[in-house]
Amino acid sequence: MTIFQKSLPRRTFLRGVGATLALPLLDAMVPAVSSSALARAAAAPTRRLGFVYVPNGVIQEQWVPAATGRGFPLSPILSPLAPFREQMLVLSGLAHRQADSFGDGNGDHPRATAVWLSGVHAWERRGRQGPTDIKLGITADQIAAREFGKETPLPSLEIALEQPTAIACDTGDCFYSNTISWRTETTPLDMEAHPRVVFERLFGEGGSAADRLAVARRTGSILDSVTAEVARLGGTLGPGDRSKLDEYLDAVRDVEQRIQRTEERGPDSFVDLPERPVDIPEEFEDHAKLMFDLLSLAFQADVTRVFTLMVAREASPRPYPQIGVPDQHHTVSHHRNDPEYIAKKAKIDTYHIQVLSYLLRKLQETPDGDGTLLDNSMIVYGGGIGNGNLHEHTNLPCLVVGGGGGRLRGGRHRAYAEDTPYANLLLTVLDKAGVPADTLGDSTGMLDTAPLSL
């Protein structure tokens, strides 16, 4: 039996000029006197939640698998997820009826975004002389953040792959289109699209813009300011932990260097927060991969255990010439049963799934306790519109990928009765994550009470 004389605190940080680097889980952080402590730590894994939103509906005939239960055939759109088949639940039949009009008129796209994690009908009233009043409800991610945030530097992280100015809206007010995360019924959270801002939110602390610029000019990286701390810590670690630390630092540095290559080098690239750099990767896939790498690092270092990500906003006009679709996404979603437009929309849907697989692979390849980050996470992927051509909020696209820290069993397609509230899924996911919630929006209860399955 190996005896450890002392252990590092789980919340160990390396501090430098303008940088604070949280560390991944190391063996030396296990607070126990014997090697069996690692097994006990694995028995209570740290669970994490991610919510990824896609707009404009999907081609349902090519999304929904042809059979239910285990052994279901992957549909054409979901085929890029073949490597994660046994860790994936496909859920069909769920609906968000609170996104329907209820006499409010147009606005199906903003309502779809608003309802996705809240289960609440987007309420807005324009005052005769004052500004528009808005009201929604706390979203599932923020319910989790209230619980998980007690133990992490950041309660949650909200990011996007498209800027707010890139969209048109069905109504005069774009408010509900720009976020899927609400802290309270009147407090929406901004979705950040700039990798530099996200990077500094995760790893930056203190120091002026001039300090960060001076370090970067001298060393090429603000993270090099923690070199002395790394050397000191490395001398106290065993070979396995030193290898883990080196791999983690290499990953952080790679992300930072990719951000730097995107930016204009000079004083304007190191503005004082909360000012934002103006440059993000030009290519959608490069932007997505960079943000996914940041999310993986945030989970690995336990900076946060909750994230939300908008792949694009509802009514997104983004074209996808890189996959042979030069048309705008929103335009092809209204395909009017034209086979050519249906094929283009299905291409976009499949491409989004392909890009998602990059994040899942990163999580799967990152050790966490006796498993991986994906084993201990639940990634919910979907949107608030099912049939984009008709603006319907039924039979919504929905995936849940990951092991949930041993509480989720994948490899199945589950079909639910028509109009089963999507909010029931949100309650179920929170329960699997160990977050208590009695109700959410229009929920009527959890989808299933079985301990290991949805």
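Up top is the structure these notes are about.
These numbers come from a predicted model, not from an experiment. (Residues numbered from 1 in each chain as written. Predicted model: local features only at pLDDT ≥ 70, side-chain atom pairs only at ≥ 80, totals over all residues. Heavy atoms only, no water.)

### Structural notes on the overall build of the chain
From N to C terminus, the chain includes 12 helices and 18 strands. Within the chain, buried positions represent 55% of all 454 residues. Taking the contacts inside the chain whose residues are at least 6 apart along the sequence as the reference set, 72% of them involve residues at least 24 apart. When the accessible surface of the chain is split by element, carbon and sulfur atoms take 50% of a total near 18500 Å². (Helix = DSSP H or I, 4+ residues; strand = E, 2+ residues; numbered from the N terminus. Buried < 20%, exposed > 50% of the residue type's maximum accessible area, 1.4 Å probe, protein only. Contact = heavy atoms within 4.5 Å. Areas by Shrake-Rupley, 256 points an atom, 1.4 Å probe, with all protein chains shown as cover.)

### Quick notes on helix α11 (residues 339-365)
It helps to recall that an α-helix has 3.6 residues per turn; residues three or four apart then point in one direction. Between the first and last C-alpha of α11 there are 39 Å, a value that for 27 residues agrees with the 39 Å anticipated at 1.5 Å per step. Capping the start of α11, D338 holds a side-chain oxygen 2.8 Å from the backbone nitrogen of E340, two or three residues further along. (Expected span 1.5 Å × (residues − 1). Polar contact = N/O pair within 3.5 Å; in protein donor to acceptor, adjacent residues only side chain to side chain.)

### Re the environment of A140
By secondary structure assignment, the location of A140 is in helix α4 (residues 140-148). Along the sequence, A140 and L427 sit 287 residues apart, while their C-alpha atoms lie 7.8 Å from each other. Sequence-distant contacts of A140, that is, excluding residues within four places in its chain, are made with F51, L117, L426, L430 and L440.

### A short note on the nonpolar core
One finds L202, F307, L309, I353 and L399 to be the most contacted residues of the largest nonpolar core, which totals 71 residues. With 11 residues, α11 is the largest single contributor of residues to this core. With 36 residues, the next largest nonpolar core counts L49, Y53, V306 and Y416 among its residues. (Core = buried A, V, L, I, M, F, W, Y, C linked by side-chain atoms within 4.5 Å.)

### A short note on the side chain of S118
Take S118: it is sitting in the loop between α3 (108-115) and β6 (123-126). When near neighbours in sequence (up to four residues on either side) are disregarded, S118 contacts L136, G137, I138, T139, L426, L440 and G441.

### Looking at the side chain of T372
Relative to the assigned elements, T372 resides in strand β15 (residues 371-372). Apart from residues lying up to four places away in sequence, T372 is in contact with L363, Q364, T366 and P367.

### Some points on the environment of D133
One can find D133 in strand β7 (residues 132-135). When the C-alpha positions of D133 and T186 are compared, they lie 8.9 Å apart, and in sequence the two are 53 residues distant.

### Concerning the packing of helix α9 (residues 284-300) against α11
Running from amino to carboxyl end, α9 crosses α11 at an angle of 30°, the nearest separation of the two axes being 9 Å. Our classification of the angle between α9 and α11 gives roughly parallel. α9 and α11 meet at a crossing whose hand is right-handed. Each of F284, E285, A288, K289, F292, D293, S296 and F299 in α9 lies in contact with α11, whose residues at this interface are Y351, H352, Q354, V355, L356, Y358, L359, K362 and L363. (Axes fitted to C-alpha atoms, helices over the stretch in contact; angles between N-to-C directions. Parallel < 35°, antiparallel > 145°, perpendicular 65-115°, else oblique. Left-handed = near helix turned anticlockwise from the far one by under 90°.)

### Some details on the pairing of strand β8 (residues 157-160)
Of the two faces of β8, the one lined by L157 and I159 and the one lined by E158 and A160 are each fully buried. Relative to strand β11 (residues 306-310), β8 runs parallel, the two sharing four bridges. If you follow I159 over to β11, its bridge partner there is L309. (Pairing = 2+ DSSP bridges.)

### Let's talk about the pattern of salt bridges
The final tally for this structure, using the stated rule, is 15 salt bridges. A salt bridge links K362 to D293, with the shortest nitrogen-to-oxygen separation between them at 3.6 Å. Taken as a pair, K362 in helix α11 and D293 in helix α9 lie far apart in primary sequence, 69 residues in all. Look at K362 and you get partly exposed, because its relative accessible area is 26%. Salt-bridge contacts for K344 lead to D327; the nearest nitrogen and oxygen are separated by 2.8 Å. Here the residue K344 occupies a position in helix α11, and D327 occupies one in strand β13 (residues 325-328), the gap between them amounting to 17 residues. (Salt bridge = Lys/Arg side-chain N within 4 Å of Asp/Glu carboxyl O.)

These values are about where atoms sit, not about what they do.
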